[in-house]
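Residue-level listing of the chains:
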Amino acid sequence: GENVEQHPSTLSVQEGDSAVIKCTYSDSASNYFPWYKQELGKRPQLIIDIRSNVGEKKDQRIAVTLNKTAKHFSLHITETQPEDSAVYFCAASIRSRSRLAFGKGNQVVVIP
Amino acid sequence: DTAVSQTPKYLVTQMGNDKSIKCEQNLGHDTMYWYKQDSKKFLKIMFSYNNKELIINETVPNRFSPKSPDKAHLNLHINSLELGDSAVYFCASSGGDEQFFGPGTRLTVL
């Protein structure tokens, strides 16, 4: 089945710096790759997603890049702010089973 | 408000008890899910229903029984609660690829 790996597990950055989280997936048939942000005590919420026919997508300070050949995708957060501190989950679609395979999450800490 | 809602938000109970968590979505989605999030923050899928039919059952103990009375509701009943069942349980729904999560139910088994 699909296996999604996230690195690093914890990332600390100074406010204003950039943060990058990488994920790898195993199933070449996956075609949808969302990123969810979960603040402490809250629900996971979609922040950005990308489909396999696109290599990059941006939304203000957040961007996602996809390398289908290497089967990895990354979340880029620029000009980090304290409110970016959260756990970030990547996921990949498993088309045959109508589900997402989630990575184990990255704790991002933005140091003021 | 259009959303995925869960009740209760918090549930504290003794080992051996039976409890239920309810989930409702008014997004018109056909597919609903239950996830378990443990203290390490792993999001582990438990069940998925599509239009009231079970499509995913991820080797969950049979003490856990989901029920979907209609496609807008997916409830989770847990029998004979154990200490290891303590976690946050999230309901989610989807109409395509994107999944929308409920606010979670924090279950504490004493």
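In case you missed it, the structure is sitting above this.
Residues numbered from 1 in each chain as written. Chains lettered and ligands numbered in written order. Predicted model: local features only at pLDDT ≥ 70, side-chain atom pairs only at ≥ 80, totals over all residues. Heavy atoms only, no water.

Chemist: Run through the sheet that holds strand β1 (residues 4-7) of chain A, naming residues and quoting values.
Modeler: All names here are of chain A. With antiparallel pairing, the 5 strands of this open sheet are ordered in space as β1-β3-β8-β7-β6. A strand with exactly one partner marks an edge of an open sheet, and here the two such strands are β1 and β6 (56-59). The sheet shows a mean angle of 15° between the axes of neighbouring strands, direction not considered. For strand β7 (residues 62-67) and strand β8 (residues 72-77), the ladder comprises 6 bridges, and the chain directions are antiparallel. Paired with A63 across the bridge in β8 is H76. (Pairing = 2+ DSSP bridges. Helix = DSSP H or I, 4+ residues; strand = E, 2+ residues; numbered from the N terminus. Axes fitted to C-alpha atoms, helices over the stretch in contact; angles between N-to-C directions.)

Chemist: Describe in detail the sheet that holds strand β3 (residues 19-25) of chain B, supporting the description with residues and values.
Modeler: All names here are of chain B. Read across the open sheet, the 4 strands follow the order β1-β3-β8-β7; overall the sheet is antiparallel. Of all the strands in the sheet, just β1 (4-7) and β7 (64-70) have a single pairing partner and so form its edges. Sheet twist, expressed as the average angle between the axes of neighbouring strands with direction ignored, equals 20°. Sheet analysis places β1 next to β3, joined by 4 bridges and oriented antiparallel. In the sheet register, V4 faces β3, and the bridge partner there is Q25.

Chemist: Would you mind going over the interface of chain B and chain A in detail, with residue names and values included?
Modeler: With 18 residues of chain B at the interface, the matching set in chain A holds 17 residues. Summed over both sides, the interface of chain B with chain A buries roughly 1700 Å², with 54% coming from carbon and sulfur. It is B:L43, B:D97 and B:F101 in chain B that bury the most area against chain A; as a group they hold 33% of the surface buried on that side. In this structure, the connection of chain B to chain A is made through 2 salt bridges. Those elements that place two or more of their residues in the side of chain B that touches chain A are β4 (31-37), β5 (43-50), β6 (53-57) and β10 (99-101) of chain B. If you tally residues by element for the side of chain B that touches chain A, the top one is β4(B), at 3 residues. In terms of residue class, the side of chain B that touches chain A is built from 11 nonpolar, 3 polar and 4 charged. (Contact = heavy atoms within 4.5 Å. Buried area = accessible area lost by both parts, 1.4 Å probe. Salt bridge = Lys/Arg side-chain N within 4 Å of Asp/Glu carboxyl O. Nonpolar A, V, L, I, M, F, W, Y, C, P; charged D, E, K, R; others polar.)

Chemist: Describe in detail the pairing of strand β11 (residues 105-109) of chain B, supporting the description with residues and values.
Modeler: All names here are of chain B. The two faces of β11 differ: T105, L107 and V109 on one face are buried, but R106 and T108 on the other face are not. By the bridge criterion, 4 bridges tie strand β2 (residues 10-13) to β11 in an arrangement that is parallel. Across the sheet, the residue bridging to T13 is V109, located in β11. Across 3 bridges, the pairing between strand β9 (residues 87-94) and β11 is antiparallel. If you follow Y89 over to β11, its bridge partner there is T105. (Buried < 20%, exposed > 50% of the residue type's maximum accessible area, 1.4 Å probe, protein only.)

Chemist: Could you give an account of empty space enclosed by the protein, with specific residues and numbers?
Modeler: Residue and element names in this part refer to chain B. A complete count under the given rule lists 1 cavity of 30 Å³ or more for this structure. For the largest cavity, the calculated volume is near 30 Å³. In terms of lining residues, the largest cavity is bounded by D30, M32, Y49, N50, N51, K52, S68, D70, K71, H73 and L74. Mapped onto the lining of the largest cavity, the elements with two or more residues apiece are β5, β7 and β8 (73-78). Per-class residue counts for the lining of the largest cavity are 3 nonpolar, 4 polar and 4 charged. (1 Å grid on protein atoms, 1.4 Å probe; cavity = no way out; pocket = protein on both sides within 12 Å on 5 of 7 lines; lining within 4 Å. Points joined across faces, edges and corners; volume = space filled by probe spheres on them.)

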